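# Summary of structural features
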Amino acid sequence: MVNRFLSMKPEWVELIATLLPLSQTLSPKEMYKLYISVIPKGKYFLKYIKGKSEDKYEQFIIDLLKKEYDCSENQAIEYLEVLYSSREGREYMKYVCEKYGIDKKQITKLKLKI
């Protein structure tokens, strides 16, 4: 985790990459001493950049589109991306949810903005 935070500074990415194999063999105390000796002294703000969330869509809508179109999960996610991009597509998703009897509370989770 320390390596991940330190690599948020672009100038240090190569340095951290070369030290990464050592983190497997050195004790935490030795690794700390190595970081102190290698990283320039000073105050730094390292903004952590989170990765994109995998769960972009609710699982129940993915399952509905799989059933509706008789397709794989990856194809259903692609369909969702296309449907979310237009107003008509979002209306169609609402129609599909109502067609399969999905509760209105779950439909509001989809953030359709119709």
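Structure's up top.
Let me begin by describing the structure that accompanies this report. None of the values given here were measured: they were computed from a predicted structure. (Residues numbered from 1 in each chain as written. Predicted model: local features only at pLDDT ≥ 70, side-chain atom pairs only at ≥ 80, totals over all residues. Heavy atoms only, no water.)

### Overview of unusual backbone geometry
Look at Asp70: it is not a glycine, yet its phi comes out positive at around 50°. Its place among the elements puts Asp70 in the loop between α4 (59-69) and α5 (73-84). By relative accessible area, Asp70 is classed as exposed at 72%. (Helix = DSSP H or I, 4+ residues; strand = E, 2+ residues; numbered from the N terminus. Buried < 20%, exposed > 50% of the residue type's maximum accessible area, 1.4 Å probe, protein only.)

### Regarding the packing of α4 against helix α6 (residues 87-99)
Contact pair α4 / α6: the axes reach a minimum separation of 11 Å and the direction vectors enclose 85°. Here α4 is positioned roughly perpendicular relative to α6, judged by the angle of their axes. Contact residues: Phe60, Ile61, Leu64, Glu68 and Tyr69 in α4; Tyr92, Val96, Cys97 and Lys99 in α6. Grouping the constituent residues of the contact of α4 with α6 by class yields seven nonpolar, no polar and two charged. (Axes fitted to C-alpha atoms, helices over the stretch in contact; angles between N-to-C directions. Parallel < 35°, antiparallel > 145°, perpendicular 65-115°, else oblique. Contact = heavy atoms within 4.5 Å. Nonpolar A, V, L, I, M, F, W, Y, C, P; charged D, E, K, R; others polar.)

### Some points on the pattern of salt bridges
Side-chain pairing between opposite charges can occur once the charged atoms of the two side chains come close. Under the counting rule described, the total for this entry stands at four salt bridges. Measuring nitrogen to oxygen at the nearest pair gives 2.5 Å for the salt bridge that ties Arg87 to Glu91. Here Arg87 and its partner Glu91 are both found in helix α6, four residues apart, which amounts to about one turn of the helix. For Arg87, a relative accessible area of 45% translates into the label partly exposed. (Salt bridge = Lys/Arg side-chain N within 4 Å of Asp/Glu carboxyl O.)

Nothing here speaks to function; it is all geometry.
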